[in-house]
Every structure is written in structure tokens, then in C-alpha cells.
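Understanding the architecture of this molecule
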Amino acid sequence: MSKAMQQATCSCGFSVTSENRNEVVKVIQGHAHDEHGKAMTRDDVLAMMRPA
Ligand SMILES: [Zn+2]
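What counts and how
- Residues numbered from 1 in each chain as written.
- Predicted model: local features only at pLDDT ≥ 70, side-chain atom pairs only at ≥ 80, totals over all residues.
- Core = buried A, V, L, I, M, F, W, Y, C linked by C-beta atoms within 7 Å.
- Buried ≥ 20, exposed ≤ 12 C-beta atoms within 10 Å, placed from the backbone.
- Helix = DSSP H or I, 4+ residues; strand = E, 2+ residues; numbered from the N terminus.
- Contact = placed C-beta atoms within 7 Å.
- Pairing = 2+ DSSP bridges.
- Axes fitted to C-alpha atoms, helices over the stretch in contact; angles between N-to-C directions.
- Expected span 1.5 Å × (residues − 1).
- Arc of directions from axis to C-beta.

**A look at the nonpolar core**
Counting 6 residues, the largest nonpolar core is built from Ala-8, Val-16, Val-24, Val-25, Ile-28 and Val-45. Sort the elements by how many residues they give to this core and helix H1 (residues 21-36) lands first, with 3 residues. Sequence-distant contacts of Val-25, that is, excluding residues within four places in its chain, are made with Arg-42, Val-45 and Leu-46.

Here it is, written out as C-alpha cells:
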């Protein structure tokens, strides 16, 4: 069985899919900061993460 892919989608439609949760957290945090001037915690991102 392959590793589960994780996906997080921003409210603007930007989405990240990776099997590495830390990578998803990092990309979404960077996106939220750069595009929305918003600071997201790791927990915020984990809460929006879904299996893909
Ligand atoms: Zn966004």
C-alpha cells in the first residue's frame, strides 16, 4: 500500500497535495503569509488537511 497523500485547500482555491504533511504545512503557511498576509499555525493547517 502506498503512502497516503494529504491535501489542503486554501479558501481562495489554492491547494497543495503531498505525502509529506510537513511539506503541506510549510507550503500553505507560506501561501497564507504571502498571498493573504495571514499567519497560520501548524494546527490551523492540519485542521484543513484531508486525505487525497
Ligand atoms: Zn489562499
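**Looking at the sheet that holds strand S1 (residues 6-9)**
With respect to topology, 3 strands assemble into an open sheet ordered S2-S1-S3, the strand pairing being antiparallel. Whereas interior strands pair on both sides, the edge strands pair on one side only; in this sheet they are strand S2 (15-18) and strand S3 (49-51). Sheet twist, expressed as the average angle between the axes of neighbouring strands with direction ignored, equals 25°. Packing of H1 onto the sheet brings it into contact with S1, S2 and S3, and relative to S2 it is tilted by some 160°.

**Structural notes on the environment of Ser-11**
Among the secondary structure elements, Ser-11 is positioned in the loop between S1 and S2. Along the backbone, Ser-11 and Ala-32 are 21 residues apart, and their C-alpha atoms lie at a distance of 9.8 Å.

**Topic: the environment of Asp-43**
Inspection of the secondary structure assignment puts Asp-43 in helix H2 (residues 42-48). Given 8 C-beta atoms within a 10 Å radius, Asp-43 is considered exposed. With 18 residues separating them in the primary sequence, Asp-43 and Val-25 have C-alpha atoms 8.9 Å apart.

**A short note on H1**
The end-to-end C-alpha separation of H1 is 21 Å, in line with the 22 Å expected for 16 residues at 1.5 Å each. All of the buried residues along H1 are Val-24, Val-25 and Ile-28. Viewed end-on, H1 has its buried residues packed into an arc of 100°, placing them on one side of the element. Of the residues in H1, the exposed ones pointing more than 90 degrees away from the buried face are Asn-22, Gly-30, His-33 and Asp-34. Looking at the buried side of H1, the elements it contacts are S1, S2, H2 and S3. The first or second residue beyond H1 is Gly-37, which carries a positive phi of 60°.

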